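Analysis of the macromolecular model
Residue-level listing of the chains:
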Amino acid sequence: MSFDAHQLADALEFATVSYAESTESTNTDLLADADAGPWTVRITTNQTAGKGRLGRVWEAPAGANLAMSVLLTPTSLDRIGTIPLAAGLAVADAIGGTRLKWPNDVLLGEKKLCGILAEAGASAATPTAARVVVGWGINVALSEEQLPVPHATSLQIAGKTTDHTQIAADVLRNFHQRMQQWQDNDPQLLDDYRAACASIGARVRLETHSEAIEGTVDTVTDDGRISIGGNAFSAGDVSHLRRKDGNYS
């Protein structure tokens, strides 16, 4: 299904939409665009060098993936760590049956549907001003054979809509609403995140840059950290462990 940039722009009165038939990375495009203002959206259905968290590569055949990024200019950096959580929650708001793996992997069943990467940069015009780019990579129309890894899935496989334009509009509208909560420091944002977070109560393995921790997730703190056994961590790669033969793996 083709993407309609004009339809998306009409649906998003708060955003400026920039569409590319193909680009290496929508995040990189926005970070390099000194003229882009807040709520500029860069979007493509053919991202050739997408970036994932922890240096991973995000790949998909042309037309099968929806890659989009939005530029934010937050007035405060005090709670910047919760912006990626809001980005994941916006997808869960938009696509029924999804849950979140901390911090913001979107799961459909137990498989990954969407990855999110937030990056910060300075403004060329105002070097002290914060510029945060949030990017989503959503598996829309991939077949089983096209999935990059066994633990991935797509909207097509799940029998959900593959209308790229509608999906983009739904996610971005929800993200705009969630960022209003973020701006207002509304506790409902984290309450709703916790309700959608499959990691809370799960047995997990958290790999940080210096160690690996296994335990049960107690909660996600108000500043977005994951709490395992009473200890909170701000960064790391989480794997949900499955119980097998009396052990977790």
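Above this note sits the structure.
Residues numbered from 1 in each chain as written. Predicted model: local features only at pLDDT ≥ 70, side-chain atom pairs only at ≥ 80, totals over all residues. Heavy atoms only, no water.

**Examining the packing of helix 3 (residues 83-94) against helix 5 (residues 188-196)**
A pair of packed helices can be characterised by two numbers: the angle between their axes and the separation between those axes. At a minimum axis distance of 10 Å, the contact between helix 3 and helix 5 shows a crossing angle of 60°. By the angle between their axes, helix 3 is oblique relative to helix 5. Judged by the sense of rotation from one axis to the other, the crossing of helix 3 with helix 5 is left-handed. Contacts from Leu 85, Ala 86 and Leu 89 in helix 3 reach Leu 189, Leu 190, Asp 192, Tyr 193 and Ala 196 in helix 5. (Axes fitted to C-alpha atoms, helices over the stretch in contact; angles between N-to-C directions. Helix = DSSP H or I, 4+ residues; strand = E, 2+ residues; numbered from the N terminus. Parallel < 35°, antiparallel > 145°, perpendicular 65-115°, else oblique. Left-handed = near helix turned anticlockwise from the far one by under 90°. Contact = heavy atoms within 4.5 Å.)

**With respect to the packing of helix 3 against helix 4 (residues 164-184)**
It is the contact of helix 3 with helix 4, at a shortest axis distance of 8 Å, that shows an interaxial angle of 135°. Classified by the angle their axes make, helix 3 and helix 4 are oblique. The handedness of the crossing between helix 3 and helix 4 comes out as right-handed. Contacts from Ile 83, Ala 86, Ala 87, Leu 89, Ala 90, Val 91, Asp 93 and Ala 94 in helix 3 reach Asp 170, Val 171, Asn 174, Phe 175, Arg 178, Met 179 and Trp 182 in helix 4. Taken together, the residues of the contact of helix 3 with helix 4 break down into eleven nonpolar, one polar and three charged. (Nonpolar A, V, L, I, M, F, W, Y, C, P; charged D, E, K, R; others polar.)

**Examining the sheet that holds strand 13 (residues 231-233)**
The strand order across the open sheet formed by five strands is 13-12-11-10-14, and the pairing between neighbours is antiparallel. Lying at the two open borders of the sheet, with one neighbouring strand each, are strand 13 and strand 14 (237-240). In this sheet, adjacent strand axes meet at a mean angle of 45° when their direction is disregarded. (Pairing = 2+ DSSP bridges.)

**Topic: the pattern of salt bridges**
Counted under the stated rule, the structure contains twelve salt bridges. For Asp 105, the salt bridge identified is with Lys 101, shortest N-O distance 3.3 Å. Exposure class is identical for Asp 105 and Lys 101. Each is buried. For Asp 170, the salt bridge goes to Arg 173, with nearest N and O atoms at 3.0 Å. Residue Asp 170 and its partner Arg 173 are located together in helix 4, separated by three residues, close to a single helical turn. In this structure Asp 170 comes out as partly exposed when scored by relative accessible area, which is 24%. Salt bridges linked by common partners bring Asp 93, Arg 178 and Asp 192 together as one network. (Salt bridge = Lys/Arg side-chain N within 4 Å of Asp/Glu carboxyl O. Buried < 20%, exposed > 50% of the residue type's maximum accessible area, 1.4 Å probe, protein only.)

**Examining unusual backbone geometry**
Omega for the peptide link from Trp 102 to Pro 103 comes to 0°, which places this bond in the cis form. Examined against the element boundaries, Pro 103 turns out to sit in the loop between strand 6 (98-101) and strand 7 (105-108). A positive phi angle, close to 65°, is found at Trp 39, a residue other than glycine. Locating Trp 39 in the fold gives a position in the loop between helix 2 (26-32) and strand 2 (40-44). Its relative accessible area of 13% is what places Trp 39 among the buried residues. A positive phi angle, close to 55°, is found at Asn 185, a residue other than glycine. Judged by relative accessible area, which is 51%, Asn 185 ranks as exposed.

These results come straight from atomic positions and should not be treated as a statement about function.
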